[in-house]
Amino acid sequence: MKIAKVLSGVSVVAGWGMLLSSVATYLLYWRIENEPAKGPPEMLAAIIGLVCLGVILFVGGNALLLYWRAKRPLALTWIFVVLETAAACLLSPLLLVFLV
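Source: prediction; values computed, not measured.

Which residues make up the overall build of the protein chain, and what values go with them?
Each helix and strand counted, the protein chain has three helices and zero strands in total. Each helix and strand of the protein chain, placed in order from N terminus to C terminus, yields the pattern α-α-α. A compact globule built from 100 residues should have a C-alpha radius of gyration of about 13 Å, whereas the protein chain, at 16 Å, is more than 25% larger. Expressed as lengths along the three principal axes of its C-alpha atoms, the size of the protein chain is roughly 50 × 25 × 15 Å. Burial analysis of the protein chain (100 residues in total) assigns 22% to the buried set.

Structure follows, in structure tokens:
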């Protein structure tokens, strides 16, 4: 059961990372020729795939941790989610450099 809780936490963090990377990819998709929906269709398909898989992992991992009432793994998972979001915010100026 312990390994399942760890894998659930990892899936939450991975799902959140996929959601963050899909936002960055969508911004790059929007940047191509400064008009929406002018980028390659493969990029839009990748964005949709990242969002779908990210939501499934994020919601599924959280649901399992809540179902098992695993308070400590859930708290550790959310600490990693906050750290991942902070890292994405710190790297956002780099994304702005790519967009210009």
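I'd like a description of unusual backbone geometry, backed by residues and values.
Keep in mind that most residues, glycine aside, have a negative phi and that most peptide bonds are trans. Its identity as a non-glycine residue notwithstanding, arginine 69 has a phi of 55°, on the positive side. Inspection of the secondary structure puts arginine 69 in the loop between helix H2 (41–67) and helix H3 (71–99). Judged by its relative accessible area of 71%, arginine 69 is exposed.

Residue-level account of the side chain of threonine 77, with values.
Mapped onto the secondary structure, threonine 77 falls in helix H3. For threonine 77, a relative accessible area of 4% gives the class buried.

Which residues make up H2, and what values go with them?
Over its 27 residues, H2 runs 39 Å from end to end, which matches the ideal 39 Å to within 8%, given 1.5 Å per residue. Those residues of H2 lying buried are Ile47, Gly54, Phe58, Gly61, Asn62 and Leu65. Where the residues of H2 are buried, they touch helix H1 (2–31) and H3.

Break down the packing of H2 against H3 for me, with residues and values.
Where H2 meets H3, the closest approach of the two axes is 9 Å, and the angle between their N-to-C directions is 150°. Considering the angle they form, H2 stands roughly antiparallel to H3. Like other packed secondary-structure pairs, H2 and H3 cross with a definite hand, here left-handed. Facing H2, whose interface residues are Phe58, Asn62, Leu65 and Leu66, H3 presents Pro73, Leu74, Thr77 and Trp78.

The rules we used
Residues numbered from 1 in each chain as written. Predicted model: local features only at pLDDT ≥ 70, side-chain atom pairs only at ≥ 80, totals over all residues. Heavy atoms only, no water. Helix = DSSP H or I, 4+ residues; strand = E, 2+ residues; numbered from the N terminus. Rg over C-alpha atoms; globule rule 2.2 N^0.38 Å. Buried < 20%, exposed > 50% of the residue type's maximum accessible area, 1.4 Å probe, protein only. Expected span 1.5 Å × (residues − 1). Contact = heavy atoms within 4.5 Å. Axes fitted to C-alpha atoms, helices over the stretch in contact; angles between N-to-C directions. Parallel < 35°, antiparallel > 145°, perpendicular 65-115°, else oblique. Left-handed = near helix turned anticlockwise from the far one by under 90°.

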